[in-house]
Amino acid sequence: MSHGRSVIAVVVLIPAVIAFAMWAFLWPNARLEPRDLPLGVAGPAQATAPVTAELERRDGAFEIHTYADEAAARTAIEEREVYGAVVVTQKGPRLLTASAASPAVAELLTDAVGERGDRPMPTKDVVPLPDEDPRGTALNSSVLPMSLAGIAMGAAVTGLGLRGTRAATAVLGAATAVGLVAAGIAHSWLGALAGDWWAEAGSFALVALAGGATVAGLAALLGAGGIGLGALLVMLLGNPFSGVASAPELLPEPAAALGQWLPPGAGGQLLRSVAYFDGSAVGGPLVTLGVWSLLGLALISFGPLVKRRTATPGPPLAASAT
């Protein structure tokens, strides 16, 4: 490529990448609002009917789940079926929230649902965040380092020329070490996580493995360009679409759905469930991260073979007899 074309490529491509990154990071945050946000309403059907009708008038903001009483609503919150609940009692309605599920949603529910009439609705935080991290910033901030760890693992394996079993072993070992280090910092040192330590370490490790195996596997199949593609999936799309700092139900589509199918979004949900909800609702995130990890490891093992076969020309056709 001539120097002139190189200059043009730099001038055009760099702003294009920055524009894409700004769109990916800014657009979801600029359009945050509840979209079918799971919310419970508890109490006798006759008493809860006016509350349900009022919530349903809010243009699809809430997905209403009904419960017989406050105990059932609390269980639903603790099992991550809903983000909160309005409990109708003889003394009037009161709001249950769970800041551990999402501080942004807890605040939104307090403002949008709890401020009814002249007096604020009494509010109870059913699953609060730890005192050492009352705003949940530690968990929200942990997704970015896990994404960087995945990209770094993929780039290191590729740069060092590791292939096959050695590459897979390196990625697995690095992910395990990352999980132990992350749990040691977030749980043992900062006290920001409140779940089982080993479950948290395993969750961190699985998030890092899903990203690292994906990047390394794509690099094994596509070469250096695979690192860029992996970084696009894990960093430029995975992080801003994860909904970890807010909630998937607050993001616009298709970011909300896509984000939960990428490692950062699934990882954020897994870490939140393990750290604050005794492992409730971990099935979906575990499947998503497991699929990314297994696909990545398969590409690491067989990607070079596929690459060689596609690059090797077939035998020349025999000349036709004359």
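These lines cover the structure that appears in this document, whether it is placed above or below. As the structure is a computational prediction, the values presented were derived from the model and not from experiment.

Cut-off values and rules
All residue numbers refer to positions counted from 1 along the written sequence of the respective chain. Note on the predicted model: pLDDT of at least 70 is required for a residue's local features to be given, and 80 or more for side-chain atom pairs to be given and counted; whole-chain, interface and lining totals, by contrast, use all residues. Side-chain metrics rest on all non-hydrogen atoms present in the structure, leaving aside hydrogens and water. At least two bridges found by DSSP between two strands is the condition for calling them paired. Runs of H or I in DSSP of at least four residues are treated as helices and runs of E of at least two as strands, each being numbered from the N terminus. We call a crossover right-handed when, viewed with both strands directed away from the observer, the connection leading from the first strand over the helix to the second proceeds clockwise. Counted as salt bridges are all cases of a side-chain nitrogen of Lys or Arg within 4 Å of a carboxyl oxygen of Asp or Glu. Burial classification: accessible surface area is computed with a 1.4 Å probe over protein chains only, and a residue below 20% of its type maximum counts as buried, one above 50% as exposed, and the rest as partly exposed. Axis lines are fitted to C-alpha atoms, over the contacting stretch for helices. Their N-to-C directions set the angle, which ranges from 0 to 180 degrees. Any two residues whose heavy atoms approach within 4.5 Å are treated as being in contact.

Side-chain direction in a regular strand flips from residue to residue, so the side chains alternate between the two faces of the sheet. Pairing geometry for strand S1 (residues 37–42) and strand S2 (residues 62–67), over six bridges, is parallel. By the bridge assignment, Gly 40 is partnered in S2 with His 65. Once you follow S1 into helix H2 (residues 45–56) and on to S2, the crossover reads as right-handed.

So, about the pattern of salt bridges. Where charged atoms from two side chains of opposite charge approach closely, those side chains can pair. Enumeration according to the criterion identifies three salt bridges in this entry. The salt bridge involving Glu 70 is made with Arg 74; its shortest N-O contact spans 3.0 Å. You can see Glu 70 and its partner Arg 74 sitting in helix H3 (residues 70–78), four residues apart, about one turn around the helix. Classification of Arg 74 by relative accessible area gives partly exposed; the value is 25%. Residue Arg 94 is joined to Glu 70 by a salt bridge in which the shortest nitrogen-to-oxygen separation is 2.5 Å. Of this pair, Arg 94 sits in strand S4 (residues 92–97) while Glu 70 sits in helix H3; the two residues are 24 residues apart in sequence, bridging distant segments of the chain. One connected set of salt bridges, linked through shared partners, spans Glu 70, Arg 74 and Arg 94.

Pairing in this open sheet of five strands is mixed, and the strands run S2-S1-S3-S4-S5 from one edge to the other. One side of each edge strand has no neighbouring strand; the edge strands of this open sheet are S2 and strand S5 (123–125). On average, each strand axis in the sheet is inclined to that of its neighbour by 25 degrees, with strand direction left out of account. One ladder, built from three bridges, connects S1 with strand S3 (residues 85–89); its direction is parallel. From the neighbouring strand, Gly 40 faces S3, where its bridge partner is Ala 85. Across the sheet, H2 lies against S1, S2 and S3, angled at about 160 degrees from S1, the strand it touches most. Its contacts with the sheet put helix H4 (residues 103–112) on S1, S2, S4 and S5, and the angle it makes with S4 is roughly 165 degrees.

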